Amino acid sequence: MQVHKLQSNISDNVLYVLEDDGDVLLVDPYDAKQMISYARSMDADRIRILTTHGHPDHAGGNAEVKAALDCDILASRHDTQFNVESDEQIGEGDEVTLGGTKLQIRHAPGHTAGHIVAYTDGHLVSGDVYFVGGAGNCRFGGEPGELFRTFTERLADLPDDTVFYPGHDYAEKNFNYCVEVEPSNAEAKRRLEALEAGETETPVLTTLGEERSYNPFHRTSDESLQERLQSEHSSLWKEASGSPAEKTFRVLRKLRDQY
Ligand SMILES: [Zn+2]
């Protein structure tokens with residue numbers, strides 16, 4: 001499977017086109033005009049749309065792309081919030097065949113209740129669940145406890161060498177945030193410095209293993225991170241519910257919302 005990445009011309013979305021042997025999936029083709037012309041240039045045998053979640057900056061291009069390319073829309077059957085129009089509803093445990101590739105669909109709620117992601121060996125289409133150096137927000141139909149369980153349970157078994165494809169590139173702000181909440185994390189500092197020095201390709205793509213080493217949202221079981229947040233942000237800590245790891249996630253999410 002090949003993954004083509006395009007920077008949207010009309011927003012900060014990163015657009016992905018997955019392709020295997022003439023079979024094409026347009027992931028969240030919000031920038032419809034760009035996606036339509038890119039897809040037309042591919043000489044594909046079949047084109048479909050894969051919608052990770054119902055937010056307008058992800059599903060909002062579907063109708064225009066479908067009208068232009070006459071392609072089917074695959075969208076989450078777990079979604080009860082956004083009523084994304086679809087030709088096929090997919091969700092946890094389903095497999096989508098793309099040429100010779102089998103994409104495993106997972107339900108990954110928290111950014112929205114119905115969010116889905118797609119995984120195959122070495123690749124994860126993560127929508128707005130995972131960001132480089134960050135996590136999806138929970139302000140538009142999401143819930144931080146759900147997102148915490150997506151990080152620590154639902155997707156925790158995915159291998160370290162998985163490259164993931166987030167819907168936006170927020171790396172610069174996120175790296176600054178990582179250093180701010182965890183100044184002792186040398187890996188976060190190194191990444192920020194490399195980005196600022198222009199040594200990093202954009203959009204920034206990383207593996208889950210890398211994220212697990214420096215991104216605090218993946219490191220909520222780290223006791224020194226827990227202790228630091230508890231002492232520096234004691235009132236947020238007291239308000240947050242759940243285990244120390246879940247409290248850590250909730251406080252990190254709140255702080256990032258205000259950052
Ligand atoms: Zn979103």
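Read on for a plain summary of the structure.

Attention shifts here to the nonpolar core. Soluble, globular proteins show a tendency: their nonpolar side chains are buried together. Grouped together as the largest cluster of nonpolar side chains are 38 residues, with contacts concentrated most on Leu-124, Val-129, Tyr-130, Phe-151 and Phe-175. When contributions to this core are tallied by element, the ones reaching two or more residues are strand 9 (116–120), helix 4 (144–154), helix 5 (171–181), helix 6 (186–196), helix 7 (208–214), helix 8 (223–232), helix 9 (234–239) and helix 10 (244–258). The leading source of residues in this core is helix 5, at 6 residues. Discounting chain neighbours no more than four positions away, the residues touching Tyr-130 are Leu-124, Thr-150, Phe-151, Leu-155, Phe-164, Pro-166, Leu-208 and His-218.

The subject of this paragraph is the sheet that holds strand 2 (residues 14–20). One open sheet accounts for 6 strands, arranged 1-2-3-4-5-6; its pairing is mixed. One side of each edge strand has no neighbouring strand; the edge strands of this open sheet are strand 1 (2–7) and strand 6 (88–90). Sheet twist, expressed as the average angle between the axes of neighbouring strands with direction ignored, equals 25°. Summarising the sheet, strand 3 (residues 23–27) and strand 4 (residues 46–50) pair through 5 bridges and their orientation is parallel. Across the sheet, the residue bridging to Asp-23 is Arg-46, located in strand 4. Along the sheet face, helix 3 (residues 62–69) touches strand 3, strand 4 and strand 5 (72–76) and points at about 170° away from the line of strand 4.

What follows deals with the pattern of salt bridges. Here the structure, examined in full by the defined rule, presents 21 salt bridges. For Asp-157, the salt bridge is made with Arg-106, and the minimal N-O distance between the two is 2.9 Å. In this pair, Asp-157 sits in the loop between helix 4 and strand 13 (163–166) while Arg-106 sits in strand 8 (residues 101–107), placing the two residues 51 residues apart along the sequence. You can call Asp-157 exposed: its relative accessible area is 52%. Taking the relative accessible area as the measure of exposure, Arg-106 reaches 11% and is therefore buried. Two residues, Arg-250 and Glu-246, come together in a salt bridge whose shortest N-O distance is 2.9 Å. Within this pair, Arg-250 and its partner Glu-246 are both found in helix 10, separated by 4 residues, close to a single helical turn. Here the two residues Arg-250 and Glu-246 agree in accessibility, since each one is buried. Each member of the salt-bridge network shares a partner with another, and the members are Glu-143, Glu-146, Arg-149, Arg-154, Glu-246 and Arg-250.

On to the packing of aromatic side chains. A complete count under the given rule lists 10 aromatic pairs for this structure. Measuring from centroid to centroid gives 5.4 Å for Phe-217 and Phe-249, while their planes differ by 75°, and the two rings are edge-to-face. Taken together, the residues Phe-217 in the loop between helix 7 and helix 8 and Phe-249 in helix 10 connect sequence positions 32 residues apart. By relative accessible area, which is 1% here, Phe-217 ends up buried. Among the aromatic residues, those joined into a ring-pair cluster are Tyr-130, Phe-148, Phe-151, Phe-164, Tyr-177, Phe-217, Phe-249 and Tyr-259.

For the rest of this paragraph, the subject is the coordination of the zinc ion. Only His-53 (NE2), His-55 (ND1), His-111 (NE2) and Asp-128 (OD) from the protein coordinate the zinc ion, and they sit 2.2 to 2.4 Å from it. Each of the 4 donor atoms bound to the zinc ion contributes to angles spanning 88 to 173°, and the resulting shape is irregular. By relative accessible area, His-111 is classed as buried at 2%.

Calculation criteria
- Residues numbered from 1 in each chain as written.
- Predicted model: local features only at pLDDT ≥ 70, side-chain atom pairs only at ≥ 80, totals over all residues.
- Heavy atoms only, no water.
- Core = buried A, V, L, I, M, F, W, Y, C linked by side-chain atoms within 4.5 Å.
- Buried < 20%, exposed > 50% of the residue type's maximum accessible area, 1.4 Å probe, protein only.
- Helix = DSSP H or I, 4+ residues; strand = E, 2+ residues; numbered from the N terminus.
- Contact = heavy atoms within 4.5 Å.
- Pairing = 2+ DSSP bridges.
- Axes fitted to C-alpha atoms, helices over the stretch in contact; angles between N-to-C directions.
- Salt bridge = Lys/Arg side-chain N within 4 Å of Asp/Glu carboxyl O.
- Phe/Tyr/Trp six-rings, centres within 6.5 Å; stacked < 30°, edge-to-face > 60°.
- Donors = N, O, S within 2.8 Å, 3.2 Å for Na, K, Ca; no water.
- Tetrahedral: all angles 85-135°; square planar, octahedral: opposite > 155°, others 65-115°.

Just distances and angles here, no functional claims.
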